[in-house]
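Summary of structural features
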Amino acid sequence: MNRSPHFDRRGFLKKSTLATLTGLLGTRIAFADRMPAGYLPLVLEPNPMLNKHKDMTVLNDKPWNVEAPAHLLDDPVTPADKMFIRNNGLIPESIDVANWKLTINGESVKAPKTYSLSELKKKFKTHTYQLVLECAGNGRSGYAPQTAGNQWTDGAVSCAEWTGVRLKDILADVGLKDDAVYIGYYGKDLHVSQDPTKPVISRGVPIKKALEDETLVAWAMNGQDIPLAHGHPLRLVVGGWPASTSGKWLHTIAVRNKVHDGAKMTGKSYKVPINPVPPGVDPPEDQFKIIESMPVKSLITFPKTGATVNLGQVIPLRGHAWAGDRAVKAMQVSYDFGATWQTCKLQPPKNRLAWQHWTLDLKLPQKGYYELWARAVDDAGVSQPMVMPQWNPEGYCNNACHRIAVKVA
Ligand SMILES: Nc1nc2c(c(=O)[nH]1)N[C@H]1C(S)=C(S)[C@@H](COP(=O)(O)O)O[C@H]1N2
Ligand SMILES: [Mo]
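Rules of the game
Residues numbered from 1 in each chain as written. Chains lettered and ligands numbered in written order. Predicted model: local features only at pLDDT ≥ 70, side-chain atom pairs only at ≥ 80, totals over all residues. Heavy atoms only, no water. Near = heavy atom within 4 Å. Polar contact = N/O pair within 3.5 Å; in protein donor to acceptor, adjacent residues only side chain to side chain. Areas by Shrake-Rupley, 256 points an atom, 1.4 Å probe, with all protein chains shown as cover. Nonpolar A, V, L, I, M, F, W, Y, C, P; charged D, E, K, R; others polar. Buried < 20%, exposed > 50% of the residue type's maximum accessible area, 1.4 Å probe, protein only. Helix = DSSP H or I, 4+ residues; strand = E, 2+ residues; numbered from the N terminus. Pairing = 2+ DSSP bridges. pLDDT = per-residue confidence, 0-100. Contact = heavy atoms within 4.5 Å. Arc of directions from axis to C-beta. Phe/Tyr/Trp six-rings, centres within 6.5 Å; stacked < 30°, edge-to-face > 60°. Lys NZ or Arg CZ within 6 Å of the ring centre and 35° of its normal. Salt bridge = Lys/Arg side-chain N within 4 Å of Asp/Glu carboxyl O. Core = buried A, V, L, I, M, F, W, Y, C linked by side-chain atoms within 4.5 Å. Domains from an automatic or database assignment. Patch = residues over 30% accessible without salt bridge, like charges linked within 9 Å, V, L, I, M, F, W, Y side chains within 5 Å.

Right, let's talk about the site of ligand 1 for a bit. For ligand 1, the set of nearby residues contains 18 residues, the closest of which are Phe84, Asp189, His230, Arg235 and Lys248. Contact between ligand 1 and Arg86: an oxygen atom at 3.0 Å from a main-chain N or O atom of the residue. Take Ser246: an N or O atom from its main chain is 2.9 Å from a nitrogen atom of ligand 1. Coverage of ligand 1 by the protein chains reaches 100% of its 530 Å² of free accessible surface. For the shell around ligand 1, the per-class residue count stands at 8 nonpolar, 6 polar and 4 charged.

Below, the discussion takes up the pairing of strand S24 (residues 402-408). Most of S24 is tucked away, with 5 of its 7 residues classed as buried. Bridging between strand S23 (residues 368-378) and S24 involves 7 bridges; their strand directions are antiparallel. Among the inter-strand pairings, Glu371 is bridged to a residue of S24, identified as Ala405.

This paragraph deals with the sheet that holds strand S2 (residues 64-67). Strands sit in the order S1-S2-S3 across an open sheet of 3 strands; the sheet is antiparallel. The open sheet terminates on both sides in strands that have one partner only, identified here as strand S1 (57-61) and strand S3 (85-86). Pairing between S1 and S2: 4 bridges, direction antiparallel. The residue bridging Asp61 from the neighbouring strand is Trp64, located in S2.

Moving on to the pairing of strand S4 (residues 101-105). Pairing analysis gives 4 bridges linking S4 to strand S5 (residues 113-116), with the strands arranged antiparallel. Bridge assignment links Thr103 to a residue of S5, and that residue is Thr114. Note: S4 against strand S13 (residues 250-256), 3 bridges, orientation parallel. Among the inter-strand pairings, Asn105 is bridged to a residue of S13, identified as Ala254.

Before going further, it helps to spend a moment on the confidence of the model for the protein chain. When pLDDT is low, close inspection of the predicted coordinates is not appropriate. Averaged over all residues, the pLDDT of the protein chain equals 93, while 93% of them reach at least 70. Predicted confidence is poor over residues 1-16, with pLDDT under 50, and the contacts of this stretch with residues over four places away or in other chains come to 34 contacts.

For helix H3 (residues 167-174), the full list of buried residues reads Leu167, Ile170, Leu171 and Val174. Taken around the axis of H3, the buried residues stretch over an arc of 95 degrees, which confines them to a single face. Gly175 sits one or two residues past H3 and shows a positive phi near 95 degrees.

In this section: the packing of aromatic side chains. With the rule as written, the count across this model stands at 6 aromatic pairs. Taking 6.1 Å as the distance between ring centres and 80 degrees as the angle between the ring planes, the aromatic pair formed by Phe84 and Trp152 counts as edge-to-face. Of this pair, Phe84 sits in the loop between S2 and S3 while Trp152 sits in the loop between strand S6 (126-134) and strand S7 (157-166), and the two are 68 residues apart along the sequence. The exposure classification of Phe84 matches that of Trp152, with both residues buried. With 5.5 Å between their ring centres and 20 degrees between their planes, Tyr270 and Tyr396 make a pair best called stacked. Separated by 126 residues along the polypeptide, Tyr270 in the loop between S13 and strand S14 (271-273) and Tyr396 in the loop between S23 and S24 bring together distant segments of the chain. By the burial criterion, Tyr270 is buried, and Tyr396 matches it. Above the face of the Phe302 ring, Arg318 is positioned so that its terminal group lies 4.4 Å from the ring centre. Between the NZ or CZ atom of Arg403 and the centre of the ring of Trp373, over which it lies, the distance is 5.7 Å.

Moving on to the pattern of salt bridges. Tallied over the entire structure, the rule returns 18 salt bridges. A salt bridge links Arg256 to Glu107; its shortest N-O distance comes to 2.8 Å. Linking Arg256 in strand S13 with Glu107 in the loop between S4 and S5, this pair joins segments that are 149 residues apart in sequence. Looking at Arg256, the relative accessible area reads 8%, which means it is buried.

What follows covers the nonpolar core. Among the nonpolar cores identified, the biggest contains 60 residues, and Ile104, Ile170, Ile183 and Val217 are the most heavily contacted of them. Per element, the largest residue contribution to this core is 4 residues, and it comes from H3. Both of domain 2 (85-290) and domain 3 (297-408) provide at least three residues apiece to this core. Those residues in contact with Ile104 that sit more than four places away from it in its chain are Val109, Pro112, Lys113, Tyr115, Ile170, Leu171, Val174, Ile253 and Val255.

The topology assignment puts His260 in the loop between S13 and S14. Engagement of the side chain of His260 in a polar contact is seen with the side chain of Ser202, the distance being 2.8 Å. Among the polar contacts listed, one links the side chain of His260 to the backbone nitrogen of Gly262, at a separation of 3.4 Å.

Here we take up a nonpolar patch on the surface. Residues Met386, Val387 and Met388 make up a contiguous nonpolar surface patch of about 230 Å² in total accessible area. You can see Val387 is positioned in the loop between S23 and S24.

Turning our attention to the side chain of Glu212. Secondary-structure assignment places Glu212 in the loop between helix H4 (207-210) and strand S10 (216-221). Under the relative-accessibility criterion, Glu212 is labelled buried at 17%. Here Arg352 takes part through its side chain, which lies 3.0 Å from a polar atom of the side chain of Glu212. Contacts of Glu212, omitting those with residues within four sequence positions, involve Arg352 and Leu353.

Next comes the structure, spelled out in structure tokens:
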């Protein structure tokens, strides 16, 4: 990487933000007193790969779209360096934490209200939840015919521990009108054209989902300030729904008297056909519905695909399973292309909307090449399809069984 020192024109990096920086870095800055005034340390430059695991896969760098190979998602709680990035625009360059505000407005608030970060932290009770964020396009590369958009494999999913205040507590303080049906977020990122008048993304959820206990306005992830690429200093976090509803660099939430009509709420974005269509068929816009809770899904995070074991050796398989708003009630693995299934040990979630860990000590019966297929079943009895699920024109919600290759020598 070829980069020259970067000076922030707005000079936001004052001594007062050193504490925040220390939080982001997880250590103090050596010789901080010698750092030139207004200097933007490399770690704050919007190149999120500086803070990512070297084996993360970059699909795109303008905007940044980065995913984790399945084996990197082995941790019970996803660390920042292994968390996928899905940006629709450019990461904001200047973040003035000291003056950051959250405004609640829209047709359905009694009166708009604005909070500073410190007011949010002081005024409302803090809550911490592990929440699954999965991009609706995760698995898109598995669809045939191929659909447009980032060709995610399996790794646009995370389950981190988010800390903040409940959106419902903020909305109760603001006061809502009876006609509130939806919320929509606004973030500070910039359109790739760098035209500040062009919106990037502004999505939302029905008021019922917004008022759930686990819907947070968060300032911390895994006990640290939220990393820049993931929405520092404030983010809406909505577990179990398309992660596109979890607005990063959050500055405004509008409470709407109709379905939110911000950028990427309209057209066919984050929508699937109301009625199933044959692969390749793209019906008109009015025959699409907004994706809400994500479907049941699972990952094998150990071993890494391609592993070789000896005959008779027990393989300690493990991974995670999740099911949008639902819980996972069973987890199964097949080594014979779905003919028979072994039942895995499945843990309950840490809290609602967190992923669940599963394990299976597996012994493969003979030498040769195997595929291990993983299948989760949710608490409504719905399980993952073994191959491609319902094809849809935008390539969303591919929850086909995760498969890894293993050789027994
Ligand atoms: N402001 C803003 N929020 C955003 C986005 C964005 O581009 N801008 N991308 C959304 C999408 S599509 C996804 S999948 C998640 C990705 O979250 P992550 O990058 O922290 O993993 O953020 C969502 N929130
Ligand atoms: Mo997404």
